Amino acid sequence: MEFLLIPVLAVLAGLGISGIKVTSSSRSMLVERLGKYDRELRPGLSLVIPGMERVVSHESLKERVLDIPPQQCITRDNVSIVVDAVVYWQLLEHARAYYGVDNLQAAMVNLVLTQIRAEMGKLDLDQTFTTRQEVNETLLNELDQATDPWGVKVTRVELRDIQPSQGVQQAMEQQMTAEREKRAAILRSEGEREAQVNAAKGRAEALVLDAKAKQEAVLLDADAQAKQQLLLAKARAESATELAAVIEAHPAAAESLRLLLARDWMAMGQEMAAARGGSVLMVDPQSPASLLAALKGLQEKGGS
C-alpha cells in the first residue's frame, strides 16, 4: 500500500505544481476550462486546475513594432512606386485578439498593405512626397478603427520609404536638372537686367548733376557780372559827383581838367559804350561848361 501511495502523492504534487502559474509584468495569459474561455490571468501568481483548465495564449501587453514589407502601388497619375511602412501597435484586450482573428499579425500586415494601396491610389506622384504626414495620419485613423474589434490599439503609422521605378527616377532627375537650369537662367537674366538698369540710372544721374552744375555756374557768373556792373556804375557816379564839385568850386581848374579829359576821352568813351546799360556822354572837350552840365546829368542818372 505504501508503494502505491508514494506514486499517487508524486502525481498529485506534480499536478499541483503544474497548476501554479506566474504571469510576468506587462503580459497576459488566457485560460480555457474544458475547452471554453474562462478568464485572463494578469501579472502575478495564479492557480490553474490541472486537467480541467489550460493556458491557451501567452502575449505581451507592451507596444510592439510591425514591419510592413515593401508593396508595389499605383498612384493616381499611373506611376508605379514601391512603399514600405512601420506600424506601432499595442494589445489592449487579449481575449478579443485571440478569439477574434486567427493570425493577428498576418491580418494586420494585410490590412496595412490594403490601406496603403488605397491611399497611394488617391494621390499623384508629387503628392506622395509632400503629403506624407497627412497620409500617415489617415492610415493611423483607418487602421485604428479597423483593428478595434480585435482589441488592438494602433498608436502610430510611418511610411518609411517611397521608391519610384528606375525610369521614373531618371525622369524626375532630368526634370529637377531642367528646373535648376531654368532658375539659374532666370537669376542670370535678372542680374543682367538690374545691372543695365543701375548703369542707366547712373548715367542719367550724372547728366542731371552735370546740367545742375552748369546751370549754377551760369547763374553765379551772371550774378557776378551784375554786381560788377553795379559797382562800376556807383564808382562812376561818385567820381562824377566829386569832379562836378571841384569844377564848381574852382573855375580855374576847368582848363586843366579839359586837358586831362582830352587825353583820356577816347578810352573812357569806348569803355562807356561797351558797358551793359552804359551811358554815352555827349560833350565838347573844349567847353568846361558843357562838361560840367554833362557830368551833372551823369550824376543824376547814376543816382537814379
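An account of the accompanying structure is given in this report. Treat the numbers as computed from the prediction; the structure is a model and nothing was measured.

**Some points on the sheet that holds strand β8 (residues 152-164)**
Here is step 1 of the chain: A sheet is described by the order of its strands in space; here three strands give the open sequence β6-β7-β8, paired in antiparallel fashion. Here the strands that pair on one side only, and so sit at the sheet edges, are β6 (63-74) and β8. Adjacent strand axes in the sheet meet at a mean angle of 20°, parallel and antiparallel pairs treated alike.
Here is step 2 of the chain: Pairing geometry for β6 and strand β7 (residues 80-91), over ten bridges, is antiparallel. Residue pairing in the sheet places D67 in a bridge with V86 of β7.
Here is step 3 of the chain: In the packing of helix α3 (residues 104-120) onto the sheet, contacts are made with β6, β7 and β8, and the angle to β6 comes to roughly 40°.

**Observations regarding helix α5 (residues 132-147)**
Here is step 1 of the chain: In this model α5 runs 22 Å from its N-terminal to its C-terminal C-alpha over 16 residues, within 8% of the 22 Å that 1.5 Å per residue would give.
Here is step 2 of the chain: All of the buried residues in α5 are V135, N136, L139, L143 and T147. Taken down its axis, α5 places every buried residue within 100° of arc, on the same side.
Here is step 3 of the chain: On the buried face of α5, the contacting elements are α3 and β8.

**So, the sheet that holds strand β5 (residues 53-60)**
Here is step 1 of the chain: Overall, antiparallel pairing links the three strands, which are arranged β3-β2-β5 in an open sheet. Across the chains shown, the open sheet's two edge strands, defined by having one partner strand only, are β3 (36-41) and β5. Adjacent strand axes in the sheet meet at a mean angle of 25° when their direction is disregarded.
Here is step 2 of the chain: Pairing of strand β2 (residues 27-33) with β3 involves five bridges; the strand directions are antiparallel. By the bridge assignment, L30 is partnered in β3 with E40.

**Comments concerning the pattern of salt bridges**
Here is step 1 of the chain: Summed over all chains, the structure comprises twelve salt bridges.
Here is step 2 of the chain: Residues E179 and R183 are paired through a salt bridge, measuring 3.8 Å at the closest nitrogen-oxygen approach. Residue E179 and its partner R183 are both found in helix α6 (residues 166-249); the two are separated by four residues, about one turn of the helix.
Here is step 3 of the chain: Taking the relative accessible area as the measure of exposure, R183 reaches 44% and is therefore partly exposed.
Here is step 4 of the chain: A salt bridge links K227 to D223, with the nearest nitrogen and oxygen atoms 3.3 Å apart. One end of the pair, K227, and the other, D223, are both in helix α6, four residues apart, so they sit about a helical turn from each other.
Here is step 5 of the chain: Under the relative-accessibility criterion, D223 is labelled partly exposed at 37%.
Here is step 6 of the chain: Put simply, D67, D84 and R160 are held in one network by salt bridges that share partners.

**Digging into α3**
Here is step 1 of the chain: The first and last C-alpha atoms of α3 sit 24 Å apart over 17 residues, in line with the 24 Å expected at 1.5 Å per residue.
Here is step 2 of the chain: Listed in full, the buried residues belonging to α3 are L104, A107, M108, V109, L111, V112, L113, Q115, I116, E119 and M120.
Here is step 3 of the chain: Tucked inside the fold, the buried residues of α3 contact β6, β7, α2 (94-100), α4 (125-130), α5 and β8.

**Quick notes on the nonpolar core**
Here is step 1 of the chain: Judged by nonpolar contacts, the single largest core of 33 residues is most densely connected at I68, I81, V83, L104, I116, M120 and L159.
Here is step 2 of the chain: Those elements giving two or more residues to this core turn out to be β6, β7, α3, α5 and β8.
Here is step 3 of the chain: For this core, the element with the highest residue contribution is α3, accounting for nine residues.
Here is step 4 of the chain: In this view, V83 contacts P69, P70, Q71, C73, I116, M120, L159, D161 and I162; residues no more than four positions away in its chain are not counted.

**As for the environment of C73**
Here is step 1 of the chain: Within the secondary structure, C73 sits in strand β6.
Here is step 2 of the chain: Measuring from C-alpha to C-alpha, the distance between C73 and G121 comes to 7.3 Å, with 48 residues separating the pair along the chain.

**Points about the packing of α3 against α5**
Here is step 1 of the chain: Look at α3 against α5: their axes get within 10 Å of each other, and the N-to-C directions meet at 140°. Judged on the interaxial angle alone, α5 and α3 are oblique. Classified by chirality, the crossing of α5 by α3 is right-handed. Seen from α3, the contacting residues are M108, L111, V112, Q115, I116, E119 and M120; seen from α5, they are V135, T138, L139, E142, L143, A146 and T147.
Here is step 2 of the chain: Taken together, the residues of the contact of α3 with α5 break down into nine nonpolar, three polar and two charged.

Calculation rules
- Every chain is numbered on its own, with residues counted from 1 as its sequence reads.
- In keeping with the predicted nature of the model, local features appear solely for residues at pLDDT of at least 70, side-chain atom pairs appear and are counted solely at 80 or more, and the whole-chain, interface and lining totals rest on all residues.
- Excluding hydrogens and water, the side-chain values take into account all heavy atoms of the structure.
- Two strands qualify as a pair provided that DSSP identifies no fewer than 2 bridges between them.
- Segments assigned H or I by DSSP are reported as helices when at least four residues long, segments assigned E as strands when at least two residues long, and all are numbered from the N terminus.
- As a rule, the C-alpha atoms of each element are fitted with a line to give its axis, helices using only the stretch in contact, and angles between N-to-C directions run from 0 to 180 degrees.
- Pairs of residues are marked as contacts when any of their non-hydrogen atoms sit within 4.5 Å.
- A helix's residues, less one, multiplied by 1.5 Å, set its expected span.
- When a residue's accessible area, from a 1.4 Å probe over protein chains only, is under 20% of the maximum for its type it is buried; when over 50% it is exposed; and in between it is partly exposed.
- Here the arc refers to the set of directions running from the helix axis out to each C-beta atom.
- Take a side-chain nitrogen of Lys or Arg and a carboxyl oxygen of Asp or Glu: if they are within 4 Å of each other, that pair is a salt bridge.
- For our purposes a nonpolar core is just a set of buried Ala, Val, Leu, Ile, Met, Phe, Trp, Tyr and Cys residues, chained together by side-chain atoms within 4.5 Å.
- Roughly parallel covers angles under 35 degrees, roughly antiparallel covers those over 145, roughly perpendicular covers 65 to 115, and oblique covers all other angles.
- Note: crossing handedness is left-handed where the near helix turns anticlockwise from the far helix by less than a right angle, and right-handed where it turns clockwise.
- In this classification, the charged set is Asp, Glu, Lys and Arg, the nonpolar set is Ala, Val, Leu, Ile, Met, Phe, Trp, Tyr, Cys and Pro, and all remaining amino acids, among them Gly, are polar.

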